[in-house]
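Residues per chain, in single letters:
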Amino acid sequence: MKTLLPVLFLMSISFFTSCESDSVDPNTTTPPTTLPSAGTDEVSFTKAANADPNDEANQDRITDNVWITRGNDGGQIFNIKSNSDASKSSSPVGTEWAIGTVATKDNLTFAPFRTTIKPKNVVGESLVVHLIDDDIYLNVRFTSWSTNKGGGFAYIRDAVPQ
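Attention here is on the structure that accompanies the text.

The rules behind these values
Residues numbered from 1 in each chain as written. Predicted model: local features only at pLDDT ≥ 70, side-chain atom pairs only at ≥ 80, totals over all residues. Heavy atoms only, no water. Helix = DSSP H or I, 4+ residues; strand = E, 2+ residues; numbered from the N terminus. Buried < 20%, exposed > 50% of the residue type's maximum accessible area, 1.4 Å probe, protein only. Polar contact = N/O pair within 3.5 Å; in protein donor to acceptor, adjacent residues only side chain to side chain. Contact = heavy atoms within 4.5 Å. Phe/Tyr/Trp six-rings, centres within 6.5 Å; stacked < 30°, edge-to-face > 60°. Lys NZ or Arg CZ within 6 Å of the ring centre and 35° of its normal. Pairing = 2+ DSSP bridges.

### Focus: the side chain of Asn 79
Thinking step 1. Along the chain, Asn 79 turns up in strand β5 (residues 77-79).
Thinking step 2. Since its relative accessible area comes to 1%, Asn 79 is described here as buried.
Thinking step 3. A distance of 3.1 Å separates a polar side-chain atom of Asn 79 from the backbone nitrogen of Lys 81.
Thinking step 4. Every residue in contact with Asn 79, bar those within four places of it in the chain, is listed here: Asn 65, Val 66, Trp 67, Pro 92 and Val 93.

This is the structure:
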C-alpha cells in the first residue's frame, strides 16, 4: 500500500492539471504512462492552448535571460525575452538542447530545440536544456504538446540552482 500512495498522488496531480482548461484539444500528445515525480527541486509549467504568450503567466521565466513560451500558431517554443516569435533554426534563442540527462551532459551533443527533436515527438523524452548566458543545465521532460494550432504545451524541469 505504501508503494501505491506516490503513484496515486501523481495520478491525481496529473488528472487535475489536465483538467485546467474547459476545452480539450484532441490533437494534444499525451505523455507515456510514467512521469517524473514533481518534487521540491522540480518545476511544472503549462501554457494552455490559445493562452496569450505575451502574458507573464504563460511564460516560464527560468532566469532573467530565458522566458520560454509558445505562440498560438502551432509553432515551436521560443524565448520571448529575446524574440517575439519562434525560428525553426535558432529557437529558443539563448538555449541549446540535447536528448539525455544532466548527469551525462559531457557526452551529449547540443543543438537548437527543433534540430534536437521534432516537437511532435517531444512528449516523454528526457531532454537537457543549456541556458547559455547563465551556463545552467536543466533536465526537462515535456508532458504535453498541442499538435493543433493553439500553442499549448507543458513540461517538468529542474529548478534553477540557487
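Read on for the rest.
### A look at the packing of aromatic side chains
Thinking step 1. Scanning the model with the defined rule gives 12 aromatic pairs in all.
Thinking step 2. Geometrically, the ring pair formed by Phe 113 and Phe 142 is tilted, given 5.7 Å between the ring centres and 45° between the ring planes. In this pair, Phe 113 sits in helix α2 (residues 113-116) while Phe 142 sits in strand β8 (residues 136-146), placing the two residues 29 residues apart along the sequence. Exposure class is identical for Phe 113 and Phe 142. Each is buried.
Thinking step 3. When the ring of Phe 142 is compared with that of Trp 145, the centres are 5.8 Å apart and the planes differ by 65°; the resulting orientation is edge-to-face. Here Phe 142 and Trp 145 have matching classes, each one buried.
Thinking step 4. One aromatic cluster is present, built from ring pairs that chain together Phe 45, Trp 97, Phe 113, Phe 142, Trp 145, Phe 153 and Tyr 155.
Thinking step 5. Positioned above the aromatic ring of Tyr 137, the side-chain terminus of Lys 105 is 4.8 Å from the ring centre.

### Here's the deal with the sheet that holds strand β3 (residues 60-61)
Thinking step 1. Pairing within the open sheet is antiparallel, and its 3 strands lie in the order β3-β4-β5. Each edge of the open sheet is held by one strand with a lone partner, namely β3 and β5.
Thinking step 2. Pairing of strand β4 (residues 67-70) with β5, which is carried by 3 bridges, proceeds in the antiparallel orientation. Across the sheet, the residue bridging to Thr 69 is Phe 78, located in β5.

### Overview of the pairing of β8
Thinking step 1. Counting buried positions over the 11 residues of β8 gives 9, a clear majority of the element.
Thinking step 2. Where strand β7 (residues 126-131) hands over to β8, the hairpin turn is made up of 4 residues, of which Asp 135 adopts a positive phi near 50°.
Thinking step 3. Pairing between β8 and strand β9 (residues 153-158): 5 bridges, direction antiparallel. The residue of β9 that forms the bridge with Phe 142 is Tyr 155.
Thinking step 4. Where β8 folds back onto β9 in an antiparallel hairpin, the turn is made up of 6 residues, including Gly 150, whose phi is positive at roughly 140°.

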